[in-house]
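# Residue-level structural notes
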Amino acid sequence: DIPSMLVETAFISNREDERKLALPAHRTKLANAIFAGIEQYFVGNAPDGTRLASGGSDDLSVRLWDPSTGQQIGQPLAGNTSWVFSVAFSPDGARLASGGNDSSIWIWDPATGQPVGQPMVARAGSVRDIAFNANGSLLASANGDGSLRLWDFRSGKQVGMIAPQNGEAALSIA
């Protein structure tokens, strides 16, 4: 269970605090304090089996981490041939997707560290962001050409696409 957090950032009854909210440095200080509190909570209260994934290392790999210890889990997952820009766990945690500058999307079994099937290739510039749908049956990618693509990651087939419109490009998705 993740606790809810309400952060009051307007101090109508305190003019000095209200004035500080107009200052970028003060807002940054507040945001950093909120982030530190959230991070401290999750590191200290991570459920058993919780893992974090990261990409973007110099060796072009994906790494799994234990948030309660800060230690890497297993060996790096190597497959992408260029920088990894995005990683996403499926809702059930049984699969991990990685995408990056090489236009490929890899699906991994995080328990074994092995790839599942062949990588999907967007052929649309880099894969900037990826996200699973709520039931984990589909994967969406935001691509370097500005398109959004929908994938059946079990078959490796693209099942939909939204082209960029009016010069707008998709850089991230959720």
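Shown above is the structure to which this text applies.
Criteria and thresholds
- Residues numbered from 1 in each chain as written.
- Predicted model: local features only at pLDDT ≥ 70, side-chain atom pairs only at ≥ 80, totals over all residues.
- Heavy atoms only, no water.
- Pairing = 2+ DSSP bridges.
- Helix = DSSP H or I, 4+ residues; strand = E, 2+ residues; numbered from the N terminus.
- Axes fitted to C-alpha atoms, helices over the stretch in contact; angles between N-to-C directions.

### Considering the sheet that holds strand β1 (residues 52-55)
- Strand order across the open sheet formed by 3 strands is β1-β2-β3, with antiparallel pairing between neighbours. In the strand order of this sheet, the two ends are held by β1 and β3 (71-77), each with one partner. Across the sheet, the mean angle from the axis of one strand to that of its neighbour is 25 degrees, orientation sign disregarded.
- Sheet analysis places β1 next to strand β2 (residues 62-66), joined by 4 bridges and oriented antiparallel. Residue L52 lies in a different strand from β2, and its bridge partner there is W65.

### Considerations on the sheet that holds strand β11 (residues 148-152)
- Ordered by their spatial adjacency, 4 strands build an open sheet running β9-β10-β11-β12, and the pairing between neighbours is antiparallel. What marks the edges here is a single partner per strand, and that holds for β9 (127-132) and β12 (157-162). Ignoring strand direction, the axes of neighbouring strands in this sheet form an average angle of 25 degrees.
- Pairing of β11 with β12 involves 5 bridges; the strand directions are antiparallel. Bridging across to β12, W151 finds its partner in Q158.

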